[in-house]
Structure formats: structure tokens, C-alpha cells
Amino acid sequence: MSTVVEVKNLIKRYKELVAVDNFGFSIEEGEVFGLLGPNGSGKSTTINCLLSIMKYDNGSIKIFGEEMGPSRRDIKRRIGVVSQNVAVMEDLNVYDNVDFFCGLYIKDKEKRKEYVEEAIEFVGLEEYKKFRPAKLSGGLLRRLNIACGIAHKPELIIMDEPTVAVDPQSRNKILEGILELNKKGSTIIYTSHYMEEVEQICSRILIMDKGKKIAVGTKDELKRGINNTETITVNVKNIADKVISDIESIHHVYKVKYDGETLKIMCNGGKHNISHVVEYFADNNIGYEGIYSELPTLNDVFLEITGKELRD
């Protein structure tokens, strides 16, 4: 596989603020590459630099093996962009919007008509061709935004927070569509602060914070790189300090947190940790309202590395 995107030593400053700090990554052909981080982490700034919409202070960006720049229309025509802020023409209907954006790259009228129809069908807007954007729900508007970005059949598709403020049905439709585009051959960059979406669709993930790369790998690689392999949560009130001390001594338990109602037990290894906890409570006649076990999430990766939650 060839390298589609290569970013090295990227720095972008806004006066005293360093929005992107010596940042780098590469993306191979056929990947769904996730950029995951909280709001303000530098995801959108990175994308704007990638597209040469924004000037940067240092570093290099190559796309399809060529240096990217504002005048590289030959590269830009091979890229599709679905921006975080919906960018469509309010005075045009659904069909004409998709036709307009597709026409920026596809001049052959017959081919463009075919591409526009395919894009509208792909996002499920066949019944809304004559609707103007103001008549569409938030979810349908997001789908139109996607159709406008992909109609010219780009090889690289950049999706910047495409599911913000949409209903669950539209969100599922969008995520399914992204995987379908990837199956058809598109390489995709997907930025989000929704870790569940990134886990669901991305083949490789880069976690960033404050403009820096925190970690990169598949979701399994990222999770294997931290201590926490399992978190056991027990809903229990008014337990003594000795109980917490005893639980901390259970094999594979490395940290215990208690807020007076919820006991969280973090483990690093072991296959039957929850049974050991249940056994301890039974042996000591301690009642509890509920107990469950969770495998680590990308939020756990972020929390262990940075000391804070990934979510806002």
C-alpha cells in the first residue's frame, strides 16, 4: 500500500497559543484513520493545514506523495471534504447543491448527472431532491453535506466531526456510509471527540491533546498499552476503609476509588477478577446493589496518559 498522507513536524501558532505542536503522522491507502481528541485539541486546525486552507509556521505536508499547497488543484480534486460546519447553498435544492459541488471537479454533464444521482442515493435523500436546506432536519442536512463532499468520487475523504448534533438514526446512517465508502476504495480521515464512533469505524487511531500526539495505533494496540485491562464497578454504600484496603490486596487489582456510593476497582490482568470481588463480598457478608465489569475504552487510554477525561 502507498502512503496517502504524510505530515512531519507540523507547527501552527495563533500568537502566543501553539495550536499544533511539532505534530506528525502518516496514513496508508485504504485506512479509516481516526483523529480523536477533546474540543480544542487541534483536530480541525490540523485538517485546515492539511488542506492548505490555513498557513502553518513549520513542517511539511505531502498528499499522494506530492507537496501540498494552496495552488495544488491537481491534488485537491482527488480529495473530498465534509466540514464540521455544514457548507451548502441555501438558495439551491438538494439536487442542485450536489450538482454544484460535483461540477467543481466533473465537467462532463452526463458523468456528473450519474455521480450526483449516485451520491444522493448513497446518503438516502432520494425523496428530498427538490427540498432546500432550510426544509431539512439537522440529520438530513448533514447527509446533504456528505453528498456534496463525496459526489466527485474522491480518493481521500476528510470528515471533520460529521455527526455533531444529529439524531441517532442519522448518525448510524452516516457511520454505515463511511464504512461503505471505504469498502469502495476511499481512504478516510475521520475527526471526532466521540470515542465510540472512532472505535466503531477506524482501523487506526491517533489520540491528540493540546496540539500534540498522545498515542497512535489500532484500538487494541492502544488499550494494550495501558495498565487498566478491566474496571469493576460495585454499587455499595457505607463500606469501611478496611474493605477498600482488602480489595486493594486482591491479585491484579492496582487501584480502587470510592465516592461513598460507587466502588471502582481497576485491574491489570487476570481472567476472573469479578469473581474474586464477588467472593470477597460474600465471605464478609457485605451486601451491594449491583456489580458489573467493563473492558477499557479509549477514554481510559486518554485518562491514564493525560490524567483527565477525553470527554468535555
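Since the structure is predicted, the reported quantities are computational estimates derived from the model, not experimental observations.

Caption draft 1: Highlighting the side chain of Ser-192. Relative to the assigned elements, Ser-192 resides in strand β8 (residues 187–192). Only 2.8 Å separates the side chain of Ser-192 from the backbone nitrogen of Tyr-194, close enough to count as a polar contact.

Caption draft 2: Representation of the pairing of strand β1 (residues 3–14). Judged from the eight bridges that link them, β1 and strand β2 (residues 17–28) form a sheet pairing that is antiparallel. In the sheet register, Lys-12 faces β2, and the bridge partner there is Val-20. From the end of β1 to the start of β2, which pair antiparallel, there are two residues, and Lys-15 there has a positive phi angle of about 55°. Judged from the five bridges that link them, β1 and strand β4 (residues 58–63) form a sheet pairing that is antiparallel.

Caption draft 3: Representation of the sheet that holds strand β13 (residues 262–267) in the model. Spatial strand order, β12-β13-β11-β14: four strands in an open sheet with antiparallel pairing. The open sheet has two edge strands, β12 (253–258) and β14 (290–294), and neither has a second partner. For this sheet, the mean angle separating the axes of adjacent strands, direction not counted, is 15°. By the bridge criterion, five bridges tie strand β11 (residues 230–235) to β14 in an arrangement that is antiparallel. Looking at β14, one finds that Asn-235 is bridged to Gly-290. Sheet strands in contact with helix α10 (residues 273–283) are β11, β13 and β14, and its direction is about 30° off that of β11.

Caption draft 4: Looking closely at the environment of Thr-306. Structurally, Thr-306 can be placed in helix α11 (residues 298–306). Using a relative accessible area of 29% as the deciding quantity, one classes Thr-306 as partly exposed. Residues Thr-306 and Ser-2, 304 residues apart in the sequence, show an inter-C-alpha distance of 33 Å. Among all residues touching Thr-306, those that are not within four sequence positions of it are Asp-209 and Ile-214. A distance of 2.7 Å separates a polar atom in the side chain of Thr-306 from the backbone oxygen of Phe-302.

Caption draft 5: Up close: the packing of helix α5 (residues 138–150) against helix α6 (residues 168–183). At their nearest, the axes of α5 and α6 sit 9 Å apart, and the two run at 15° to each other. Judged by the inter-axis angle, α5 sits roughly parallel to α6. Helix-helix and strand crossings are classified by hand; for α5 and α6 the assignment is right-handed. Together, Gly-139, Leu-140, Arg-142, Arg-143, Ile-146 and Ile-150 of α5 and Ser-170, Lys-173, Ile-174 and Leu-181 of α6 make up the contact between the two elements. Each residue belonging to the contact of α5 with α6 can be placed in one class, and the counts come to five nonpolar, two polar and three charged.

Caption draft 6: Broad picture of the packing of aromatic side chains. Counted by the stated rule, this structure contains six aromatic pairs. Summarising the aromatic geometry, the rings of Tyr-280 and Phe-281 are spaced 6.0 Å apart at their centres and angled 90° between planes, so their arrangement reads as edge-to-face. Each member of the pair, Tyr-280 as well as Phe-281, is classed as buried. Lying over the aromatic face of Phe-64, Arg-78 brings its terminal NZ or CZ to 3.8 Å of the ring centre.

Analysis parameters
- Residues numbered from 1 in each chain as written.
- Predicted model: local features only at pLDDT ≥ 70, side-chain atom pairs only at ≥ 80, totals over all residues.
- Heavy atoms only, no water.
- Helix = DSSP H or I, 4+ residues; strand = E, 2+ residues; numbered from the N terminus.
- Polar contact = N/O pair within 3.5 Å; in protein donor to acceptor, adjacent residues only side chain to side chain.
- Pairing = 2+ DSSP bridges.
- Axes fitted to C-alpha atoms, helices over the stretch in contact; angles between N-to-C directions.
- Contact = heavy atoms within 4.5 Å.
- Buried < 20%, exposed > 50% of the residue type's maximum accessible area, 1.4 Å probe, protein only.
- Parallel < 35°, antiparallel > 145°, perpendicular 65-115°, else oblique.
- Left-handed = near helix turned anticlockwise from the far one by under 90°.
- Nonpolar A, V, L, I, M, F, W, Y, C, P; charged D, E, K, R; others polar.
- Phe/Tyr/Trp six-rings, centres within 6.5 Å; stacked < 30°, edge-to-face > 60°.
- Lys NZ or Arg CZ within 6 Å of the ring centre and 35° of its normal.

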